[in-house]
Amino acid sequence: MYDKVKIWQPATHDTQGVSNHLDAAKVQTDIKTGETGVIGGLCGMKVTANAGGITVVGSLSKLLYPNNIYPLDRRRTARAFEKLADLLHCNFGDARVLSLEFGNVFVMSQPVELYLSRLGTMPRMLRLSTDASTLYYQSPGKAKRKVIVFYDKKADAMAKGMELPPGFGNYNLLKYEIRLNGQLPRQTGWPTVTASTLHDRMFYRYMLDRYKENYFAITKLNQTTNAMESIKTVSDAYDALLSRLAAQCGQTQVDEFLNELKAAKVFKNRIDYMRLRQKIQKAVNKGGATVPDELVRELNDDILTKWVNGR
């Protein structure tokens, strides 16, 4: 489940020779402080070493495999850190984790874009869609401490020139991951989060539970249907039409409209934007123009519930 991490190990006698084990190592100097350090690569990871310590950024998965299609479970995460320690001749068990990515790749029955279109809003998170194959939920503020991402992993691999394992090119690959950036003790409730914490049984179970909870906090958008049998009055017909139009409009267009209202400062009270969003969602539900969706059911039951609970 782990992929990219950023860790920092304070300087000790073990860290002094790290630069000797890096690929294409270069000396760099901080213009403001005059402090010198060494920057280099290691199995696709970026390593920076200076008098203060060592910072390592990159995919743990790529330490063990040719690509990051296979995120690491608890045991393989421990193996990855052991390999990192062997390669750099330095112990990273107590290294502080500054950021992490936790997620998995799911093989879906339909194109990824169809599943992303079923994912609506999430409480206290901003919904952003850069294109049909990528969907973000971000915490407010410039720091973006927490980011939830759904994207087409096959399209992402092709864009980065990454080779997929044999046979994977024929699959629809949906990646769902949580990215925690900075202040991990505050975000997780753990007193300290070190490299060894990541493969601790209790912490790993906590991350699995949080992974599931975040997904189910997202509003799901079901398919629309005519539902003519439920229309008895003019009012019913009006509600059904409004429901259908709101559902077909799509969450992205609703978000764009709300952003336009915010940019124009239409409402003085910011809570009015939330009330409008809720009213639109109520319109979608009220008209009875939606039916249970097979793609939503696949995400809920066949993928996340069974997969997470089985770990």
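Residues numbered from 1 in each chain as written. Predicted model: local features only at pLDDT ≥ 70, side-chain atom pairs only at ≥ 80, totals over all residues. Heavy atoms only, no water.

Engineer: Quick question: what am I supposed to make of the sheet that holds strand S6 (residues 96-108) here?
Structural biologist: Either a parallel or an antiparallel arrangement is found when strands of a sheet pair, and the pairing is made through backbone hydrogen bonds. Taken in spatial order, the ten strands make up an open sheet running S2-S3-S4-S5-S1-S6-S10-S9-S8-S7, and their pairing is antiparallel. Since the sheet does not close on itself, it has two edges, and those belong to strand S2 (23-29) and strand S7 (126-131), each with one partner. Here the average twist between neighbouring strands, direction ignored, is 15°. The pairing of strand S3 (residues 36-42) with strand S4 (residues 45-50) spans six bridges and is antiparallel. From the neighbouring strand, Gly41 faces S4, where its bridge partner is Lys46. Its contacts with the sheet put helix H7 (residues 201-216) on strand S1 (2-10), S6, strand S9 (146-152) and strand S10 (172-181), and the angle it makes with S10 is roughly 115°. (Pairing = 2+ DSSP bridges. Helix = DSSP H or I, 4+ residues; strand = E, 2+ residues; numbered from the N terminus. Axes fitted to C-alpha atoms, helices over the stretch in contact; angles between N-to-C directions. Contact = heavy atoms within 4.5 Å.)

Engineer: Which parts of the structure should I look at to understand the pattern of salt bridges?
Structural biologist: Two side chains bearing opposite charge may form a pair once their charged atoms approach each other closely. One pass over the structure, following the stated rule, counts ten salt bridges. Where Asp209 meets Arg205, a salt bridge forms, and the shortest distance between an N and an O atom there is 3.2 Å. Here Asp209 pairs with Arg205, and both are found in helix H7, just four residues apart, close to one helical turn. Taken together, the shared-partner salt bridges in this structure form one network comprising Asp3, Glu101, Lys175, Glu177 and Arg179. (Salt bridge = Lys/Arg side-chain N within 4 Å of Asp/Glu carboxyl O.)

Engineer: Where do I start with unusual backbone geometry in this structure?
Structural biologist: Most peptide bonds are trans, and most residues other than glycine sit at a negative phi. Its identity as a non-glycine residue notwithstanding, Arg124 has a phi of 60°, on the positive side. Within the secondary structure layout, Arg124 lies in the loop between helix H3 (112-116) and S7. You can call Arg124 exposed: its relative accessible area is 73%. Of note in the backbone geometry, Lys265 takes a positive phi value of approximately 55° without being a glycine. On the basis of relative accessibility, which here comes to 68%, the residue Lys265 falls in the exposed class. (Buried < 20%, exposed > 50% of the residue type's maximum accessible area, 1.4 Å probe, protein only.)

Engineer: How do you make sense of the nonpolar core when you look at a structure like this?
Structural biologist: Across soluble globular proteins, nonpolar side chains show a tendency to be buried alongside one another. Membership of the largest hydrophobic core comes to 57 residues, with the highest contact counts inside it found for Leu84 and Phe150. At six residues, the largest contribution of residues to this core is made by H7. Formed by seven residues, the second largest nonpolar core is a distinct cluster that contains Ile69, Val105, Leu164 and Phe168. (Core = buried A, V, L, I, M, F, W, Y, C linked by side-chain atoms within 4.5 Å.)

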